[in-house]
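Report on the structure
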Amino acid sequence: MKIVYFGNGERGTKCLNALLDRNEDVLAVVGHTGGMSDFLIYAKENNIPVFQPENVNSSEFIHELKGLGADLFVLSGYNRILKSKIIAVPSRGCINLHGGKLPEYRGCAPINWQIINGEKIGGCCIIFVDEGIDTGDIICQKMYEILETDTGTDIVNKQLVLFPGMLKS
């Protein structure tokens, strides 16, 4: 499968590594603007072309992506909202690795809100991307225990264990 991977941070790197380990054809990586993050450095070290568009939804960038012929877009830690024209580019759709259980924890900071709300069970999932904010169909969802002593970092680490395997399934 030909993939364009939109990512950032440790989740982005770990899940990109999972795709590379199973020999998926990662055509390009799309990262945030600014300097070269560890995620983008990792992509370059693996000879993957890197894009950092100012406007991910611009017609120029969409045209460039169409030229790659991707089957799937994968978003992992990428915090820009994709509009319908870019979502429609890959032939098999666009998926997002979301850090909260759905539908309860849509939007930003789902890990923090799970802790703030005193949840005992947290979740992370992979969903199809649509024009809403985390409203696409759920592909898979994994739950984990949230302890009273857990911090946001603890929850991130739990998800970093779960997400690569979820992406492979």
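Everything in this summary refers to the structure shown in the same document. (Residues numbered from 1 in each chain as written. Predicted model: local features only at pLDDT ≥ 70, side-chain atom pairs only at ≥ 80, totals over all residues. Heavy atoms only, no water.)

**Thoughts on the sheet that holds strand 1 (residues 2-7)**
Strands in a sheet are paired, the pairing made by backbone hydrogen bonds, and the direction either parallel or antiparallel. For clarity, the cut-off: If DSSP finds at least two bridges between two strands, the strands pair. Helix numbering and strand numbering both begin at the N terminus, where a helix is a DSSP run of H or I of at least 4 residues and a strand a DSSP run of E of at least 2. Contacts are assigned to residue pairs that have any heavy atoms within 4.5 Å of one another. What counts as an axis is a line fitted to C-alpha atoms, over the stretch in contact for a helix, and the angles between N-to-C directions run from 0 to 180 degrees.
Spatial ordering of the open sheet is given by 3-2-1-4-5-6-7, a layout of seven strands whose pairing is mixed. Looking along the sheet, the strands with just one partner apiece sit at the ends: strand 3 (50-51) and strand 7 (138-145). Across the sheet, helix 2 (residues 38-45) is in contact with strand 1, strand 2 (25-30) and strand 3; its angle to strand 2 comes to roughly 145 degrees.

**Brief notes about the pattern of salt bridges**
Heads up, the condition is: Within this document, salt bridges are pairs made up of a side-chain nitrogen of Lys or Arg and a carboxyl oxygen of Asp or Glu, the two lying within 4 Å of each other. Think of it in three bands: residues with accessible area under 20% of the maximum for their type are buried, residues over 50% are exposed, and the middle band is partly exposed, with areas taken using a 1.4 Å probe on protein chains only.
Taken as a whole and judged by the stated rule, the model has three salt bridges. Between Glu119 and Lys101 there is a salt bridge, with its nearest N and O atoms 3.1 Å apart. Pair noted here: Glu119 is in the loop between helix 5 (110-116) and strand 6 (121-128) and Lys101 is in the loop between strand 5 (94-98) and helix 5, with a separation of 18 residues, a long-range link. Residue Lys101 is classed as buried on the basis of its relative accessible area of 11%. Where Asp150 meets Lys158, a salt bridge forms, and the shortest distance between an N and an O atom there is 2.6 Å.

**As for the packing of helix 1 (residues 9-21) against helix 6 (residues 152-168)**
Note the threshold: Crossing handedness: left-handed means the near helix sits turned counterclockwise from the far one by under a right angle, and right-handed means the same turn made clockwise. As a working rule, the residues Ala, Val, Leu, Ile, Met, Phe, Trp, Tyr, Cys and Pro are called nonpolar, Asp, Glu, Lys and Arg charged, and the rest polar, with Gly in that last group.
Viewed as axis vectors pointing N to C, helix 1 and helix 6 meet at an angle of 35 degrees, and their least axial separation amounts to 9 Å. Judged by the sense of rotation from one axis to the other, the crossing of helix 1 with helix 6 is right-handed. Here Glu10, Arg11, Lys14, Cys15, Ala18 and Leu19 of helix 1 come into contact with helix 6, specifically with Gln159, Leu160, Phe163, Pro164, Leu167 and Lys168. Here the contact of helix 1 with helix 6 is built from residues that sort into seven nonpolar, one polar and four charged.

**Some points on unusual backbone geometry**
Cis geometry marks the peptide bond from Leu102 to Pro103, where omega comes out at 10 degrees. Here Pro103 lies in the loop between strand 5 and helix 5. In this structure, Ala109 takes a positive phi of about 60 degrees despite not being glycine. Following the sequence through the fold, Ala109 ends up in the loop between strand 5 and helix 5. Phi at Asp134 is positive, roughly 55 degrees, even though this residue is not glycine. On the secondary structure map, Asp134 appears in the loop between strand 6 and strand 7.

**Things to note about the side chain of Gln114**
Let me state the cut-off plainly: In protein, a polar contact requires one atom able to donate a hydrogen and another able to accept it; more generally it is a pair of N or O atoms within 3.5 Å, and residues adjacent in sequence count only if both atoms are side-chain atoms.
Note on placement: Gln114 falls in helix 5. Separated by 3.3 Å, the side chains of Gln114 and Tyr144 make a polar contact. With near-sequence residues (within four places) excluded, Gln114 lies in contact with Gly99, Gly100, Lys101, Tyr105, Glu119, Gly122, Gly123, Tyr144, Ile146 and Gln159.

**Examining the pairing of strand 1**
Side-chain direction in a regular strand flips from residue to residue, so the side chains alternate between the two faces of the sheet. For clarity, the threshold we go by: Think of it like this: strands point away, you trace from the first strand over the helix to the second, and a clockwise trace means the crossover is right-handed.
Burial within strand 1 is extensive, with five of its six residues counted as buried. Pairing of strand 1 with strand 2, which is carried by five bridges, proceeds in the parallel orientation. By the bridge assignment, Phe6 is partnered in strand 2 with Val30. This β-α-β element, strand 1 to helix 1 to strand 2, shows right-handed connectivity. Bridge count between strand 1 and strand 4 (residues 72-76): five bridges; the pairing is parallel. Directly across from Ile3, in strand 4, lies its bridge partner Leu72.

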